[in-house]
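What follows is the residue order along each chain.
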Amino acid sequence: MYVPFKFAKIEIKVYNTNIKTIKNYMALNKEQIKKFKKILEDRKTEIEKELSKFAKKDKHTDGGFVANFPDFGDTSEDNAREVAAYINCLSMEGTFGKELRDIFSSLKRINEGNYGVCKYCNKEIGEKRLEIRPASSSCVACKKKFKGEV
Ligand SMILES: [Zn+2]
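Residues numbered from 1 in each chain as written. Predicted model: local features only at pLDDT ≥ 70, side-chain atom pairs only at ≥ 80, totals over all residues.

So, helix 4 (residues 76-112)
Its 37 residues give helix 4 an end-to-end C-alpha distance of 53 Å, which sits within 8% of 54 Å, the value for a rise of 1.5 Å per residue. Looking one or two places after helix 4, you find Gly113, whose phi comes out positive at around 80°. (Helix = DSSP H or I, 4+ residues; strand = E, 2+ residues; numbered from the N terminus. Expected span 1.5 Å × (residues − 1).)

Considering the environment of Glu99
Take Glu99: it is sitting in helix 4. What makes Glu99 partly exposed here is the crowd of 17 C-beta atoms within 10 Å. Contacts of Glu99, omitting those with residues within four sequence positions, involve Ile47 and Ala135. (Buried ≥ 20, exposed ≤ 12 C-beta atoms within 10 Å, placed from the backbone. Contact = placed C-beta atoms within 7 Å.)

Observations concerning the nonpolar core
Counting twelve residues, the largest nonpolar core consists of Leu28, Phe36, Leu40, Leu100, Ile103, Tyr115, Val117, Cys118, Ile125, Leu130, Ala135 and Cys139. Listed by contribution, the elements that provide at least two residues to this core are helix 3 (30-54) and helix 4. Ignoring sequence-local partners within four residues, the contact set of Ala135 consists of Leu40, Glu99, Asp102, Ile103 and Ser106. Listed in part, the five residues of the second largest apolar core include Leu51, Ala55, Phe65 and Ala67. (Core = buried A, V, L, I, M, F, W, Y, C linked by C-beta atoms within 7 Å.)

Remarks on unusual backbone geometry
For residues besides glycine, phi is generally negative; the peptide bonds are generally trans as well. The backbone of Asn122 shows a phi angle near 65°, a positive value even though the residue is not glycine. For Asn122, the location among the structural elements is in the loop between helix 4 and helix 5 (127-132).

Notes on the packing of helix 3 against helix 4
Between two packed helices, what matters for the description is the angle formed by their axes and the separation of those axes. Taken N-terminus to C-terminus, the directions of helix 3 and helix 4 make an angle of 155°; their axes are 10 Å apart at the nearest point. What the angle tells us is that helix 3 and helix 4 run roughly antiparallel. As for the relative orientation of helix 3 and helix 4, their crossing is left-handed in sense. In this structure, helix 3 contributes Ile33, Lys37, Leu40, Arg43, Lys44, Ile47, Glu50, Leu51 and Phe54 to the contact, and helix 4 contributes Cys89, Met92, Glu93, Phe96, Glu99, Leu100, Ile103, Ser106, Leu107 and Ile110. Classifying every residue of the contact of helix 3 with helix 4 by side-chain character gives twelve nonpolar, one polar and six charged. (Axes fitted to C-alpha atoms, helices over the stretch in contact; angles between N-to-C directions. Parallel < 35°, antiparallel > 145°, perpendicular 65-115°, else oblique. Left-handed = near helix turned anticlockwise from the far one by under 90°. Nonpolar A, V, L, I, M, F, W, Y, C, P; charged D, E, K, R; others polar.)

A few points about the confidence of the model for the chain
In the predicted model, the chain carries a mean pLDDT of 80, and the fraction of residues at 70 or more is 77%. In the model of the chain, helix 1 (residues 5-15) stands out as the element of lowest mean pLDDT, 42, in contrast to helix 5, which has the highest, 92. Per-residue pLDDT stays below 50 along residues 3-25; that stretch engages in 15 contacts with residues further than four places along the chain or on separate chains. (pLDDT = per-residue confidence, 0-100.)

What follows is the structure, given as structure tokens:
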């Protein structure tokens, strides 16, 4: 028998007090998760491509990258430019690296069935917020409370 998703959600809430089950049912439906998984994987490929231009994959961490040290020449001017370029790489790596780590943990949550659920309050993050930032792991309220930003 076909049970609409919304109806199933109410049934589970009323009759099943198992937290894990509630969490899974409160998360997004299969189609929505499939959509976000695709977005996350596409973004992951994009970032890895960007990062590979100026950084090498770090085999020791999951999705980590190490910035290449550039070689422009041996004069002191060259050296100064190398350091400036390297610092620039490091900050790019930092931004992309953080996003990549968020994507990895989101993909992990999809596998675990916790995607779309706030890691702090266990409530739904909400499709609207995920549309804007698919790698979100907390709801707007908790993000404000813990980090002072959205
Ligand atoms: Zn929350």
